[in-house]
Amino acid sequence: MSYKFELKPLPYAYDALEPFIDAKTMEIHHSKHLQAYVDNLNAALEKYPELHSWSLEKLLKNLDQLPTDIQAAVRNNGGGVYNHDLFFSLMTPNPQPLKDGALKSAIQAEWGSVDELLAQMKAAGLSVFGSGWSWLVSDESGKLSIFKTPNQDTPIPANLNTVLNLDVWEHAYYLLRQNRRAEYIDAWMNVINWQQAEENYLANL
Ligand code: MN3
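Just so you know, these numbers come straight off a predicted model, no measurement behind them.

Draft legend 1. Inspection of the layout of surface pockets at higher detail. Counted as a void, the largest pocket has a volume near 310 Å³. What lines the largest pocket is a set of 15 residues, and nearest its centre among them are Glu57, Tyr82, Leu86, Ile156 and Thr162. Those elements that place two or more of their residues in the lining of the largest pocket are α2 (56-61), α3 (68-89) and β3 (161-167). Tallying contributions element by element places α3 first for the lining of the largest pocket, with four residues. Looking at the lining of the largest pocket residue by residue, the class counts come to six nonpolar, five polar and four charged. Taken as a whole, the second largest pocket spans an internal volume of roughly 190 Å³. Contributing to the lining of the second largest pocket are Thr92, Asn94, Pro95, Gln96, Pro97, Leu98, Lys99, Asn193, Trp194, Gln195 and Glu198. Looking at the lining of the second largest pocket residue by residue, the classes come out as four nonpolar, five polar and two charged.

Encoded structure:
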């Protein structure tokens, strides 16, 4: 995927994650917030045709090589596109428990259980001051860790691969849950797409 970036359709209906994530939040999150990141990313890149063949990953990995007048815009809006495309793909209306396999084994080796991993991801998400993300990431050896980013920063500059991510911006939960971020994170745990998380992990082993 490179310029001109497009809004990726949700792989399920806006109301498909009810009652855990409400339809209005999903609609605004996808059709307004993510659309704005897409549009602003394209606007930043428009006058630099030499960047139009660059993938989103390449842009985000080489922010310091971009023209200085668009570095912040690409960091924030390109990161917004990258983070949300992952996040929306990592939720599903038909969640299944994580099956036995490489990801489950790696989680058990690191945290003992999936539940403990989720407790740690929740703690990381709650400790983000302001807006940001909580991540389960893997390094080049397949070792897992929990990662936090502010704003729309990504794990890409740290050479980390996304297995699972959690949006803790207020726009992800405020309509339904106001300030109750912990309640939102607990609800999110009911719609995790573990099959996609495992695919993400295996793709970078
Ligand atoms: Mn968001």
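So that's the structure; there's more coming.
Draft legend 2. Broad picture of the coordination of the manganese ion. For the manganese ion, the full set of protein donor atoms is His29 (NE2), His84 (NE2), Asp167 (OD) and His171 (NE2), at a range of 1.9 to 2.1 Å. Taken in sequence order, the residues that donate to the manganese ion follow the motif H-x54-H-x82-D-x3-H. For the pair aspartate 167 and histidine 171, a shared accessibility class is recorded, and that class is buried.

Draft legend 3. Broad picture of the side chain of asparagine 83. Relative to the helices and strands, asparagine 83 is located in helix α3. Accessibility expressed as a relative area gives 0% for asparagine 83, which makes it buried. Engagement of the side chain of asparagine 83 in a polar contact is seen with the side chain of glutamine 152, the distance being 3.2 Å. Those residues in contact with asparagine 83 that lie beyond four places of it in its chain are Trp133, Trp135, Gln152, Asp153, Thr154 and Asn165.

Draft legend 4. Expanded view of the packing of helix α1 (residues 23-45) against α3. Two elements in contact, α1 and α3, have axes separated by 8 Å at closest approach and are oriented at 145°. Two packed elements cross with a definite hand, and for α1 against α3 that hand is left-handed. Between α1 and α3, the contacting residues are Met26, His29, His30, Leu34, Ala36, Tyr37, Val38, Asn40, Leu41, Ala44 and Leu45 on the first element and Ile70, Ala73, Val74, Asn76, Asn77, Gly78, Gly80, Val81, His84, Asp85, Phe87 and Phe88 on the second. Looking at the contact of α1 with α3, its residues break down into 14 nonpolar, eight polar and one charged.

Draft legend 5. View of the packing of aromatic side chains. Tallied over the entire structure, the rule returns four aromatic pairs. Each ring, one from phenylalanine 87 and one from tryptophan 133, has its centre 5.6 Å from the other, and the planes form 85°; the classification is edge-to-face. Of this pair, phenylalanine 87 sits in helix α3 while tryptophan 133 sits in strand β1 (residues 132-138), and the two are 46 residues apart along the sequence. For the pair phenylalanine 87 and tryptophan 133, a shared accessibility class is recorded, and that class is buried. Taken together through their ring pairs, the aromatic side chains of Phe87, Phe88, Trp133 and Trp135 make up a single cluster. Just above the ring of tryptophan 54 sits the side chain of lysine 58; from NZ or CZ to the centre is 4.4 Å.

Draft legend 6. Representation of the sheet that holds strand β2 (residues 144-150). Strand order in the open sheet formed by three strands is β2-β1-β3, with antiparallel pairing between adjacent strands. Each end of this open sheet is capped by a strand with a single partner; those strands are β2 and β3. Across the sheet, the mean angle from the axis of one strand to that of its neighbour is 25°, orientation sign disregarded. Across six bridges, β1 lies against β3 in antiparallel orientation. Looking at β3, one finds that leucine 136 is bridged to leucine 164. Strands in contact with α3 are β1 and β3; relative to β3, the strand with the most contacts, it is inclined by about 85°.

How each quantity is defined
Residues numbered from 1 in each chain as written. Predicted model: local features only at pLDDT ≥ 70, side-chain atom pairs only at ≥ 80, totals over all residues. Heavy atoms only, no water. 1 Å grid on protein atoms, 1.4 Å probe; cavity = no way out; pocket = protein on both sides within 12 Å on 5 of 7 lines; lining within 4 Å. Points joined across faces, edges and corners; volume = space filled by probe spheres on them. Helix = DSSP H or I, 4+ residues; strand = E, 2+ residues; numbered from the N terminus. Nonpolar A, V, L, I, M, F, W, Y, C, P; charged D, E, K, R; others polar. Donors = N, O, S within 2.8 Å, 3.2 Å for Na, K, Ca; no water. Buried < 20%, exposed > 50% of the residue type's maximum accessible area, 1.4 Å probe, protein only. Polar contact = N/O pair within 3.5 Å; in protein donor to acceptor, adjacent residues only side chain to side chain. Contact = heavy atoms within 4.5 Å. Axes fitted to C-alpha atoms, helices over the stretch in contact; angles between N-to-C directions. Left-handed = near helix turned anticlockwise from the far one by under 90°. Phe/Tyr/Trp six-rings, centres within 6.5 Å; stacked < 30°, edge-to-face > 60°. Lys NZ or Arg CZ within 6 Å of the ring centre and 35° of its normal. Pairing = 2+ DSSP bridges.

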